[in-house]
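# Fold and contact review
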Amino acid sequence: MELKPTGTWSVKDAAELYRIEEWGNGYFHISDEGEVEVRLKDKSLDSSISLLKIAKGLQERGMKLPVLLRFSNILDDRIQHINESFAQAMHDVGYLGEYRGVYPVKVNQQQQVIEEICRFGKQYHHGLETGSKAELIAALAYIDDPEAYVICNGYKDEEYIDLALRGISLGIQTVLVVEMPGETEIIIERARALKIKPNIGIRMKPSTIAGGHWTDSGGDRSVFGLDTTQVIAVVDHLKREGMLDCLKLLHYHLGSQIPNIHDIRVGATEAARFYAGLIHEGAPMGLLDIGGGLAIDYDGSCSNSSNSRNYTTTEYCVDIVEEVMTICKEQKIDHPTILSESGRALVSYYSVLLLNILDTNVFWDENHKEEEIPEVLLPALENLLYVKKMLTEKNTQECLNDLNYYREEIRNKFLYGTVNIRERAVAEHLYWSIIADIYKMEAKNQYVSPQIKELEHQLSDIYYGNFSLFQSLPDVWAIDQLFPIMPIHMLDKKPDRKAILSDITCDSEGKIDQFIGRNEIANTLSLHSIPLDEDYILGVFLVGAYQETLGDLHNLLGDTNVVSLTYDEEGKFQLHNELEGDTVSDVLSYVEYDPKQLESMIRTKAEKAVQEGRITAQQRRKIISAYTAGLRGYTYYETDQED
Ligand SMILES: *Cc1c(COP(=O)(O)O)cnc(C)c1O
């Protein structure tokens, strides 16, 4: 449906509409030319580059959309931000311990991410958190800093434990965190067998249950961690075995994306009490690991809604440091090194998904010229036409009710064969034209009723984007997460359509119909009519955390192309780490097809067709080459064929 243009439009209005300044955190802006720019270094103008220019440059190099862009400078900036925020908070309140970040590998396991965190994070001794053997195996290779920690969480078999212990012999500070009561026994046994003194941690179950989407990690029924009785049992076990001196760390994790600072504070207090208790039990301790949970303001509202947070990183750091310090003072114990396992807060801003719009389905176009209804069709439309005639600003609701009733009637008559296909087509069209009239009357009002909002949704266009929701934005599907979505160009022009987005999976769930709005969630996104002479490209922002590795192969749409962009020391932009997305042949192999065999099956079929005189030998050659080119191709919609 169409938005009425009013007044003049500037890029400031676009910034306001899409709220880019609120969620962009200084990394994303709109240029005077109406293009979204990313600022790579120190959020400075020099280091800014238009996403459209990047997309065009990639297309010239033969890399197709959709493409995932990664910005390692932004990752560096995030690492610096959290480390310096903790350092500052500790300095300001006179905290005597230190901060050590550990990045949870599961949040984005890509080799590039781990490599960059270990490289850039080294100056802060930023370490890694692993939740499985595979993650530990990657971490052991990349960590190269005797002062960084590798925190080993998750279920641990002998092999996992042995690897962590051997890490200690390599000079890596691994800590084995006991998550299950039974793990203590195996750790003691393996440590003795390998003659390596372990660093042991305990994961406690906080009784604090934080608000938000991902917070099942707290409370009595959380699947991870030890309750108080079990914590004491582990302490007694270690005492009996003479190994209490190995107990160094207390860990808890309230869950991810915790919107409310209050919950974070209460969690820290509970943990600090546990920590002090363990010291009084005789454990050396020294490390307090507060887990993840530091949230991202996806909708830019700065609120305690699940897509936002009501605090800044500084506030987060200060609150935790103060809480821990107060209890240490009261309990007369040394200030521990505080570790945190922030994942989302480190990597969200790092990636942007660019996708092109392939087509649109316009439900209602105001500029559409009404055609005269042929006389023969009029009797079937009598009731609808009556509603149209009676409609005034005072009886919109009544007309809406009647309208739905009469449409139902016509559909029923169609089922009984008393209304034909042409009559039904005209009736449906008439129905939408009256709906649009009602909407226009109502939209003038200050108060917009939920029913009218629903009409807006029903009248909105569908824009078909070249992407798979299940592959690239799984959390939108799974938990209705909001990500900022907007066009990356044409922002100097007023968007004239309202739309929802559909992907190309042909799954009815493969759509996005919740967007960032003002003070509320919007059910349509303002977009431009698609230009005739160029791609219309949307960016989906803040997708660096969790989306890449939760994605699946729905409809066999595979990984997208990926490319990294860096602003180097000399002030030049560098494209690197170009990764081709999955080919059709790749995704078919994931589900156990053998591409060679598929090709040979087609060859046989085509040969049979030649034998039976249905095609010529030349046609056979063309069919086979089209098939093999298909196998080698990108799984997404390709606009220009390779030559
Ligand atoms: C997932 C997870 C994290 C990461 O949480 P974020 O909110 O993304 O920072 C940290 N620690 C543990 C134990 C986790 O399971």
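An account of the accompanying structure is given in this report.

Rules behind the numbers
- Throughout this description, residue numbers start from 1 for each chain and increase along the sequence as written.
- Owing to the predicted nature of the model, reporting of local features is limited to residues with pLDDT of at least 70; listing and counting of side-chain atom pairs is limited to 80 or more, with chain, interface and lining totals taken over all residues.
- Side-chain numbers come from the whole structure's heavy atoms, not from hydrogens or water.
- All axes are obtained by fitting lines to C-alpha atoms, using only the stretch in contact for helices, and the reported angles, taken between N-to-C directions, cover 0 to 180 degrees.
- Here a strand is any run of E in DSSP of at least two residues, a helix any run of H or I of at least four, and the numbering for each starts at the N terminus.
- Each angle receives one of four descriptions, namely roughly parallel if under 35 degrees, roughly antiparallel if over 145, roughly perpendicular if within 65 to 115, and oblique otherwise.
- With the far helix as reference, a near helix turned anticlockwise by less than a right angle produces a left-handed crossing, and one turned clockwise produces a right-handed crossing.
- Contacts: residue pairs with any heavy atoms within 4.5 Å of one another.
- Note on residue categories: nonpolar means Ala, Val, Leu, Ile, Met, Phe, Trp, Tyr, Cys or Pro, charged means Asp, Glu, Lys or Arg, and polar means any other residue, Gly included.
- Any residue with a heavy atom positioned within 4 Å of a molecule or strand is treated as near that molecule or strand.
- Pairs of N or O atoms within 3.5 Å make up the polar contacts considered here, provided that, within protein, one atom can donate a hydrogen while the other can accept it, and that residues adjacent in sequence are counted only when both atoms are side-chain atoms.
- Using a 1.4 Å probe, the Shrake-Rupley method yields the accessible areas, and only the shown protein chains count as cover for residues.
- Burial classes follow relative accessibility: with a 1.4 Å probe on protein chains only, a residue under 20% of its type's maximum area counts as buried, one over 50% as exposed, and anything between as partly exposed.
- Strand pairing requires that DSSP identify at least two bridges connecting the strands.
- The crossover handedness rule: strands pointing away from the viewer, path from first strand over the helix to second strand clockwise, crossover right-handed.
- The criterion is simple. A nonpolar core is a set of buried Ala, Val, Leu, Ile, Met, Phe, Trp, Tyr and Cys residues joined through side-chain atoms within 4.5 Å.
- Patch members must show over 30% relative accessible area and no salt bridge, and they are joined within 9 Å when carrying like charges or within 5 Å when they are nonpolar side chains of Val, Leu, Ile, Met, Phe, Trp or Tyr.
- Counted as salt bridges are all cases of a side-chain nitrogen of Lys or Arg within 4 Å of a carboxyl oxygen of Asp or Glu.

## Topic: the packing of helix α8 (residues 183-194) against helix α9 (residues 228-240)
It is at 10 Å that the axes of α8 and α9 come closest, and there the two elements cross at 25°. The orientation of α8 with respect to α9, classified from their angle, is roughly parallel. Remark: the crossing between α8 and α9 carries right-handed chirality. Judged by residue contacts, Thr-184, Glu-185 and Ile-188 of α8 engage Val-234, His-237 and Leu-238 from α9. Counted by class, the contact of α8 with α9 contains 3 nonpolar, 2 polar and 1 charged residues.

## A closer look at the side chain of Ser-47
When you line up the elements, Ser-47 lands in the loop between β2 (36-39) and β3 (48-50). Sequence-distant contacts of Ser-47, that is, excluding residues within four places in its chain, are made with Val-38, Arg-39, Leu-40, Lys-41, Tyr-567 and Phe-573.

## Here's the deal with the site of the ligand
Of all residues adjacent to the ligand, which total 17 residues, the nearest are Lys-106, Ser-256, Glu-341, Gly-343 and Tyr-546. Note that an oxygen atom of the ligand is positioned 2.9 Å from one of the backbone N or O atoms of Gly-293. The contact in question runs from a nitrogen atom of the ligand to an N or O atom on the side chain of Glu-341, over 2.5 Å. When the ligand is considered free in solution it has 390 Å² of accessible area, and contact with the protein chains removes 92% of it. Its residues assigned to classes, the shell around the ligand shows 3 nonpolar, 9 polar and 5 charged.

## Quick word on the pairing of β2
Covered by surrounding structure in β2 are Val-36 and Val-38 together with Glu-37 and Arg-39, the residues of both alternating faces. As paired elements, strand β1 (residues 28-30) and β2 share 3 bridges and run antiparallel to each other. Bridging from a neighbouring strand, Ile-30 pairs with Val-36 of β2. Two successive antiparallel strands, β1 and β2, enclose a turn made up of 5 residues, where Gly-34 displays a positive phi of approximately 85°. Summarising the sheet, β2 and β3 pair through 3 bridges and their orientation is antiparallel. Among the inter-strand pairings, Arg-39 is bridged to a residue of β3, identified as Ser-48.

## Section: the pairing of strand β10 (residues 247-251)
Most of β10 is tucked away, with 4 of its 5 residues classed as buried. Bridging between strand β9 (residues 200-203) and β10 involves 4 bridges; their strand directions are parallel. Note on β10: the bridge partner recorded for Ile-202 is Leu-250. With 3 bridges connecting them, β10 and strand β11 (residues 287-289) associate as parallel partners. In the sheet register, Leu-250 faces β11, and the bridge partner there is Leu-288. This β-α-β element, β10 to helix α10 (residues 261-280) to β11, shows right-handed connectivity.

## Comments concerning the nonpolar core
Phe-86, Tyr-103, Leu-128, Leu-247, Leu-250, Tyr-316 and Ile-338 are the most contacted members of the largest nonpolar core, which has 84 residues in total. The element best represented in this core is α10, accounting for 8 residues. Beyond its immediate sequence surroundings of up to four residues, Phe-86 is in contact with Tyr-99, Ile-290, Tyr-316, Cys-317, Val-321, Ile-338 and Ser-340. Grouped together as the second largest cluster of nonpolar side chains are 64 residues, Leu-58, Val-352, Leu-527 and Val-563 included.

## A few points about the sheet that holds β1
Strand pairing in a sheet takes place through backbone hydrogen bonds and is either antiparallel or parallel in direction. Taken together, the 3 strands give an open sheet; going across it, the order is β1-β2-β3, and neighbouring strands pair in antiparallel fashion. Whereas interior strands pair on both sides, the edge strands pair on one side only; in this sheet they are β1 and β3. Averaged over all neighbouring strand pairs, the angle between strand axes comes to 35°, with direction disregarded.

## Quick look at a nonpolar patch on the surface
Judged by side-chain polarity, Tyr-590, Val-591 and Tyr-593 come together as a nonpolar surface patch covering roughly 300 Å² of accessible area. Here Tyr-590 is to be found in helix α20 (residues 584-590).

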